[in-house]
Amino acid sequence: LPEGFESDRIHAAGVIVADYSHHHSHWTSERSLSQWLMEQGVPGLYGIDTRLLTKKIRERGALKAKIEFEPSYVSAGANDV
């Protein structure tokens, strides 16, 4: 991709992934995905069966959903991810 091709901010309202690597190793990375999401105020979950989630969305159509975290959980584990 040409330099400057990427957006300067995240456009997703939330991120859900099946697996997350706690060690980022790309030579151009300046921070982890977790750090970037926290800086942008975007919630993220990992360890979710994304195949099952996709199946439910296909069967039922778009679903209203909300990702919430307990304030104590976020502040206690924010630096671990």
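Below, the structure is looked at part by part.

Cut-offs and rules
- Residues numbered from 1 in each chain as written.
- Predicted model: local features only at pLDDT ≥ 70, side-chain atom pairs only at ≥ 80, totals over all residues.
- Heavy atoms only, no water.
- Helix = DSSP H or I, 4+ residues; strand = E, 2+ residues; numbered from the N terminus.
- Buried < 20%, exposed > 50% of the residue type's maximum accessible area, 1.4 Å probe, protein only.
- Areas by Shrake-Rupley, 256 points an atom, 1.4 Å probe, with all protein chains shown as cover.
- Salt bridge = Lys/Arg side-chain N within 4 Å of Asp/Glu carboxyl O.
- Contact = heavy atoms within 4.5 Å.

1. Description of the overall build of the chain
Item 1. Per the secondary structure count, the chain includes three helices and two strands.
Item 2. Going from N to C terminus, the chain has its helices and strands arranged as β-α-β-α-α.
Item 3. A burial count over the chain gives 10% of its 81 residues as buried.
Item 4. Of the accessible surface of the chain, which amounts to about 7,300 Å², a share of 52% is contributed by carbon and sulfur atoms.

2. Structural notes on the pattern of salt bridges
Item 1. Across all of its chains, the model carries three salt bridges by this definition.
Item 2. Salt-bridge contacts for Asp-49 lead to Arg-51; the nearest nitrogen and oxygen are separated by 4.0 Å.
Item 3. The structure contains a network of salt bridges with shared partners spanning Glu-30, Arg-31 and Glu-39.

3. Describing the environment of Thr-50
Item 1. Considering the arrangement of structural elements, one finds Thr-50 in helix H2 (residues 50-60).
Item 2. Overall, the relative accessible area of 26% leaves Thr-50 in the partly exposed class.
Item 3. Linking Thr-50 and Ile-16, residues 34 residues apart in sequence, is a C-alpha distance of 7.6 Å.
Item 4. Sequence-distant contacts of Thr-50, that is, excluding residues within four places in its chain, are made with Ile-16, Val-17 and Ala-18.

4. Here we look at the environment of Ile-48
Item 1. On the secondary structure map, Ile-48 appears in the loop between strand E2 (44-46) and H2.
Item 2. Accessibility expressed as a relative area gives 29% for Ile-48, which makes it partly exposed.
Item 3. Measuring from C-alpha to C-alpha, the distance between Ile-48 and Val-17 comes to 6.2 Å, with 31 residues separating the pair along the chain.
Item 4. Excluding residues within four positions of it along the chain, Ile-48 makes contact with Ile-16, Val-17 and Ala-18.

5. What about the environment of Glu-39?
Item 1. By the element assignment, Glu-39 lies in helix H1 (residues 33-40).
Item 2. Classification of Glu-39 as exposed rests on a relative accessible area of 53%.

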